[in-house]
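Now for the letters of each chain:
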Amino acid sequence: MASGSDVIERPAVAAEPTDSAPARRWLVPVLLVVGWVLSVAWRMWLSRHIVLPIAHTDEDSYLNTARALAGGPGGFSSENDLLRRVGYPMLISPAFLGDRDFSDSYRIVQLINAMVNSTLLPLAYLLGRRLLRLRRSYALASALAAATLPATVFYAGIAMIDTVMAPLVVAWLLAVHRWIGRPGPVAAATVGLLVGGFHLLHSRGLVIVAVHAGLVLLLFVRRRISPPAVLAALLPVLAMALVNEAAIRYLGNKVYLLGSTPGGGTVEAVASIQGVVRVSAGVTTQLWYLVVITFGMAGVAWAAAVRELWRPRHGDAARWTMGVALVVTLGVAGGSSVILAGITGKPLDAIYGRYVQMLAPFWLLVGLGVLLTAGRRVVLRRAAVAVALLIGGGALIAVRLAYVASQGHRLRYGGFSAPDLGALTAGWREMRPVVGSLVGIAGCLLLVAAVLVPRLRLPMFGVLVLVNLATMQVIDQHVVRSASTSTAPTPRVADVGVRPGERVWASTGVHYALRFNLSHQVTWTDVRWFGLGQPPAAAQVVFARWAPGAADDWDGTAYGFVRLGGNPAQHWAAWRRA
C-alpha cells in the first residue's frame with residue numbers, strides 16, 4: 001500500500017514521459033478549449049426545447065431585473081429587501097440590450113449560462129492537478145465527469161443563478177488552496193473577490209462570507225497573514241456588497257418586490273424540539289442527496305477530509321481547503337433548512353436540493369481523487385463510510401416520510417426539487433429514499449471495483465460520463481419538455497394582435513405560469529396585475545381567463561373590451577379596449 005491515507009495518497013504526481021514535452025504542453029490546453037466548446041454546444045442543445053421560462057417565479061424575477069438593468073422596463077421580483085441580490089441579473093443583462101423579441105433575449109441568456117457553466121471543465125482539471133495531484137489523464141477524465149454532472153448542467157438551460165454557482169465554488173476553493181500554500185496580497189484579494197461574487201449572486205453566499213471572515217481571522221490570529229493581507233482579503237467582499245447596493249439604488253422602483261422579509265416566523269419555526277427535528281431532517285436529506293448523486297464519492301471525500309483535519313499528511317493547504325469546504329457544506333445545508341422551515345405559507349419539502357447542488361462537482365472530484373491515489377485498504381475504508389451514510393441517511397428519510405404519511409400529510413416533491421435524483425430513482429411522483437441509497441451504493445461499489453484494477457480506471461470514467469449524459473436525457477424527457485409544453489402560451493402575443501406601445505395588464509385569473517410568460521412577450525412595458533373584475537382605467541390590453549361555460553370566465557365586453565384571441569384550452573385570452 002502506498003504511503004499516506006487520505007485526500008491525496010501520493011505526495012507527488014507520478015513522473016510522466018518527457019520525450020514529447022512540447023506536444024504535451026499544448027495538448028492539454030487544446031483539449032480543454034475543445035472540451036469547453038463542446039460543453040457549451042451540448043448545453044445549448046439540451047436547452048433547445050426551452051423557449052420561455054419554466055422555473056417560476058425565480059426565472060421571472062431574474063429576467064425582469066436584468067431587463068431593467070439594461071435600461072428596459074422593470075417588473076416584479078419574488079425577492080425581499082434583506083436577501084435581494086443583483087449579480088446574476090447583471091451577468092445576463094446584455095441579452096436585453098437593443099430591440100429584440102423576448103425569445104431571442106432568452107436564447108442569449110442560455111448562451112451566457114452555457115459559457116459560464118462550462119468553465120467548470122477547466123477549473124475541475126486545475127483542481128485535480130493542484131489540490132488532488134492527479135496525473136493529466138486522470139485529471140482530464142475527472143474534470144469531464146464533474147462537468148457533465150446533472151446537478152450542475154441542468155441549470156444552464158434556464159435563467160437561474162445556480163448555473164454560476166458550481167464553477168464559482170471550484171474556483172474559490174482553488175484560490176483558497178493557492179492562498180494557504182503561497183500567502184500574498186494578490187492571492188488574498190483573489191479569494192476575497194470570489195467570496196464577494198458569492199455575496200453578489202445569492203443569499204447563500206452569506207454562509208461563504210461568514211466562513212471567509214472566520215478563515216481570515218483564524219489565519220491572522222495564527223500569524224500566517226499580515227494586516228495588509230487581511231485588508232486584501234476583506235475589501236473585495238465589501239466592494240461587491242457596495243456594488244449590489246449601488247445596483248439596487250439604480251433600479252429604484254422599476255423592480256418591485258413581492259417577497260416577505262424573514263422575521264420572527266423563522267425563529268419560531270426552529271425554536272422547539274419539533275423545529276430542531278425538522279431542520280435536522282432537512283440537513284440529513286440534503287447531505288444524503290449529495291452522496292447519492294455523486295455515487296458515494298461525496299461520502300468518500302468527507303471521510304478523507306475529516307481524516308485530513310485531525311491527522312494532516314498532505315500539507316496545510318489541502319487541510320485548510322478541505323476544512324473550509326466541509327464547513328461551507330454543513331453551513332449551506334443547515335442555513336437553507338432553517339430558512340425553508342420558516343416559510344410557513346407552503347407545505348414542507350421532502351427534499352430541496354438546489355442549495356447544496358453547487359458543491360456536488362467539488363466533492364465528486366475529491367472522492368475520485370481519493371480512489372485514484374489511495375491504497376487498497378484506505379479506499380475500502382472510505383467506501384465503507386460512504387455506504388454507511390447512504391444506508392443510515394436513506395433509512396432516516398424513509399422513516400420521516402412514513403411518519404408524515406401516517407399523520408395524514410404529504411411532503412411536497414416536485415420536478416425541480418432534485419431532478420437528477422428523480423431520474424436516477426425513477427421517482428417522479430414521490431421520493432424514493434431506499435432506491436436512492438441502493439443506486440448510490442451500487443455506483444460506489446462499482447467505482448471502487450474499477451479503480452482497484454488500473455486498466456479499468458479510464459473506462460470507468462467513460463461509463464460515469466455516459467451515465468451523466470443519459471441522466472440528463474431522462475431529465476429532458478420527464479421535466480424539461482413537459483414543463484416547456486405546459487407553461488408556453490399559444491398563440492404568441494404578437495400573433496393575436498397585441499402591438500408595441502400598448503399598456504398591458506394581466507388578470508390573476510390566468511394561471512401564474514402562463515401569465516408570466518405572456519407578460520415576458522410584452523417587451524416594451526411592465527405588465528401589472530389586476531383581480532378578477534374590472535381592469536384599471538389605464539389598461540389598453542388585458543390578458544384574462546377564458547373558460548367558456550365556466551363561472552369564472554371573464555367577459556370583457558362588460559367593461560368595453562373586444563377579444564383579440566387566445567387559447568380556451570389554456571384558459572387565457574387577450575382583450576383590447578374598444
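Residues numbered from 1 in each chain as written. Predicted model: local features only at pLDDT ≥ 70, side-chain atom pairs only at ≥ 80, totals over all residues. Heavy atoms only, no water.

Undergrad: Teacher, can you tell me more about the overall build of the protein chain here?
TA: Secondary structure assignment for the protein chain yields 21 helices and seven strands. Taking 578 residues into account, the globule formula puts the C-alpha radius of gyration at 25 Å, and the protein chain, at 25 Å, falls close to it. Along the first, second and third principal axes, the C-alpha set of the protein chain runs to 85 × 55 × 50 Å. Sorting the 578 residues of the protein chain into buried and exposed places 55% on the buried side. Expressed as a percentage of contacts within the protein chain between residues at least 6 apart in sequence, the contacts between residues at least 24 apart total 76%. Accessible surface for the protein chain amounts to roughly 24100 Å². Of this, 64% is attributable to carbon and sulfur atoms. A distance of 11 Å separates the average location of the 51 positive side-chain charges in the protein chain from that of its 27 negative side-chain charges. (Helix = DSSP H or I, 4+ residues; strand = E, 2+ residues; numbered from the N terminus. Rg over C-alpha atoms; globule rule 2.2 N^0.38 Å. Buried < 20%, exposed > 50% of the residue type's maximum accessible area, 1.4 Å probe, protein only. Contact = heavy atoms within 4.5 Å. Areas by Shrake-Rupley, 256 points an atom, 1.4 Å probe, with all protein chains shown as cover. Lys, Arg positive; Asp, Glu negative; His and termini not counted. Charge placed at Lys NZ, Arg CZ, Asp CG, Glu CD.)

Undergrad: What exactly am I supposed to notice about a nonpolar patch on the surface here?
TA: A surface patch of nonpolar side chains, about 440 Å² in accessible area, is lined by Trp26, Val30, Val34 and Leu38. Structurally, the position occupied by valine 34 is in helix α1 (residues 21–46). Residue classification places valine 34 among the partly exposed residues on the basis of a relative accessible area of 42%. (Patch = residues over 30% accessible without salt bridge, like charges linked within 9 Å, V, L, I, M, F, W, Y side chains within 5 Å. Salt bridge = Lys/Arg side-chain N within 4 Å of Asp/Glu carboxyl O.)

Undergrad: Which parts of the structure should I look at to understand the pattern of salt bridges?
TA: Between side chains of opposite charge, a pair can form as their charged atoms come close. The tally for this structure, following the rule as stated, stands at 11 salt bridges. The partner of arginine 545 in a salt bridge is aspartate 552, with the nearest N and O atoms 2.8 Å apart.

Undergrad: Which parts of the structure should I look at to understand the packing of aromatic side chains?
TA: Think of a pair of aromatic rings as described by two things: how far the centres are apart, and how the planes are tilted against each other in angle. All told, the structure shown has 19 aromatic pairs when counted by the stated rule. Their ring planes at 80° and their centres at 5.4 Å tell us that tyrosine 62 and tyrosine 88 sit as a pair that is edge-to-face. Here tyrosine 62, found in helix α2 (residues 58–69), pairs with tyrosine 88, found in helix α3 (residues 87–92); they are 26 residues apart in sequence, far enough to count as distant. With a relative accessible area of 6%, tyrosine 62 lands in the buried category. What makes tyrosine 88 buried here is its relative accessible area of 0%. (Phe/Tyr/Trp six-rings, centres within 6.5 Å; stacked < 30°, edge-to-face > 60°.)

Undergrad: In this structure, what is going on with the nonpolar core? I would like to understand it.
TA: For soluble globular proteins, the rule of thumb is that nonpolar side chains tend to be buried together. Counting 154 residues, the largest nonpolar core has Tyr88, Ile158, Trp172, Trp179, Phe362 and Trp363 as the members making the most contacts within it. No other element matches helix α8 (residues 162–181), which puts 13 residues into this core. Among residues more than four places away in sequence, those in contact with phenylalanine 362 are Leu127, Leu131, Val169, Leu173, Met322 and Ala325. (Core = buried A, V, L, I, M, F, W, Y, C linked by side-chain atoms within 4.5 Å.)

Undergrad: Where do I start with the sheet that holds strand β7 (residues 572–577) in this structure?
TA: Backbone-to-backbone hydrogen bonds join strands into a sheet, with any given pair of strands oriented parallel or antiparallel. Spatially, β4-β3-β5-β7-β6 is the arrangement adopted by the five strands of the open sheet, whose pairing is mixed. The open sheet has two free edges, formed respectively by β4 (528–530) and β6 (561–567), since each of these has just one partner strand. The sheet shows a mean angle of 30° between the axes of neighbouring strands, taken without regard to direction. Pairing of β6 with β7 involves six bridges; the strand directions are antiparallel. Bridge pairing in β7 places phenylalanine 561 opposite arginine 577. Those strands touched by helix α21 (residues 512–520) are β3 (504–507), β4, β5 (541–544) and β7, and its axis lies near 170° from that of β3. (Pairing = 2+ DSSP bridges. Axes fitted to C-alpha atoms, helices over the stretch in contact; angles between N-to-C directions.)

Undergrad: How should I be thinking about the side chain of arginine 85 in this particular structure?
TA: Along the chain, arginine 85 turns up in the loop between β1 (75–77) and α3. Glutamate 245 provides the closest opposite charge to the buried, salt-bridge-free arginine 85, at an N-O distance of 6.1 Å. In terms of polar contacts, arginine 85 uses its side chain to reach the backbone carbonyl oxygen of histidine 199, at 2.7 Å. (Polar contact = N/O pair within 3.5 Å; in protein donor to acceptor, adjacent residues only side chain to side chain.)

Undergrad: Quick question: what am I supposed to make of the environment of proline 419 here?
TA: Residue placement: proline 419 occurs in helix α18 (residues 419–425). For the pair proline 419 and glycine 353, spaced 66 residues apart in sequence, the C-alpha separation works out to 9.0 Å. For proline 419, the residues in contact, after removing those within four places along its chain, are Phe154, Gln357, Trp428 and Ile475.

Undergrad: Even after reading the chapter, I still don't get the pairing of β5, so can you show me in this structure?
TA: Successive residues of a regular strand alternate their side chains across the two faces of the sheet. Of the two faces of β5, the one carrying Val541 and Phe543 and the one carrying Val542 and Ala544 are both buried. As defined by bridge partners, β3 adjoins β5 across three bridges and the pair is classed as parallel. Pairing of alanine 506 across the sheet is with phenylalanine 543, part of β5.

Undergrad: Any chance you could explain the pairing of β7 here in plain terms?
TA: Within β7, five of the six residues are buried, leaving the element largely enclosed by the surrounding structure. By the bridge criterion, four bridges tie β5 to β7 in an arrangement that is antiparallel. Residue valine 541 lies in a different strand from β7, and its bridge partner there is arginine 576. Connecting the antiparallel pair β6 and β7 is a turn made up of four residues, with histidine 571 showing a positive phi of about 65°.

Undergrad: When you look at unusual backbone geometry in this model, what are you seeing that I'm missing?
TA: Glycine aside, residues mostly have negative phi, and peptide bonds are mostly found in the trans state. For the peptide bond that leads from histidine 56 to threonine 57, omega is 10°, which places it in the cis range. Within the secondary structure layout, threonine 57 lies in the loop between α1 and α2. Threonine 490 connects to proline 491 through a cis peptide bond whose omega is 0°. Within the element layout of this structure, proline 491 appears in the loop between α20 (457–487) and β3. A positive phi angle, near 55°, is found at phenylalanine 295, a position not held by glycine. With respect to the helices and strands, phenylalanine 295 occurs in the loop between α13 (273–293) and α14 (297–310).

Undergrad: What's the story with the environment of glycine 369 in this structure? I'm lost.
TA: Residue position: glycine 369 is located in helix α16 (residues 360–373). As for glycine 369 and leucine 31, which are separated by 338 residues in sequence, their C-alpha atoms are 21 Å apart.

Undergrad: Mind showing me how you'd approach the environment of isoleucine 441 here?
TA: With respect to the secondary-structure elements, isoleucine 441 resides in helix α19 (residues 433–451). When its relative accessible area of 16% is taken as the criterion, isoleucine 441 is described as buried.

Undergrad: Would you take a moment to explain the packing of α16 against α20 for this structure?
TA: Any two packed helices are characterised by the angle at which their axes cross and by the distance between the axes. In contact at an axis separation of 12 Å, α16 and α20 are set at 160° when each is read in the N-to-C sense. In terms of axis orientation, α16 runs roughly antiparallel to α20. For the pair α16 and α20, the crossing hand works out as right-handed. Counting all contacts with α16, which are made through Leu368, Leu371 and Leu372, the residues of α20 involved are Arg457, Phe461 and Leu464. Residues of the contact of α16 with α20, tallied by class, amount to five nonpolar, no polar and one charged. (Parallel < 35°, antiparallel > 145°, perpendicular 65-115°, else oblique. Left-handed = near helix turned anticlockwise from the far one by under 90°. Nonpolar A, V, L, I, M, F, W, Y, C, P; charged D, E, K, R; others polar.)

Undergrad: What is the right way to look at helix α4 (residues 102–117) in this model?
TA: Note on helix geometry: an α-helix contains 3.6 residues per turn, so any two residues three or four positions apart are oriented the same way. With 16 residues, α4 extends 22 Å from end C-alpha to end C-alpha; this agrees with the ideal 22 Å at 1.5 Å per step. Taken together, the buried positions of α4 are occupied by Phe102, Ser105, Tyr106, Val109, Gln110, Ile112, Asn113, Ala114 and Asn117. (Expected span 1.5 Å × (residues − 1).)

Undergrad: Teacher, can you tell me more about the confidence of the model for the protein chain here?
TA: Close inspection of predicted coordinates is inappropriate in any region flagged by low pLDDT. In the predicted model, the protein chain carries a mean pLDDT of 92, and 94% of its residues have values of at least 70. Confidence drops under pLDDT 50 across residues 1–15; counting only partners more than four residues distant or on other chains, this segment forms 50 contacts. (pLDDT = per-residue confidence, 0-100.)

Undergrad: In this structure, what is going on with the side chain of threonine 321? I would like to understand it.
TA: As for its placement among the helices and strands, threonine 321 is situated in helix α15 (residues 316–341). Setting aside residues up to four positions removed in sequence, threonine 321 forms contacts with Leu131, Leu173, Val176 and His177.

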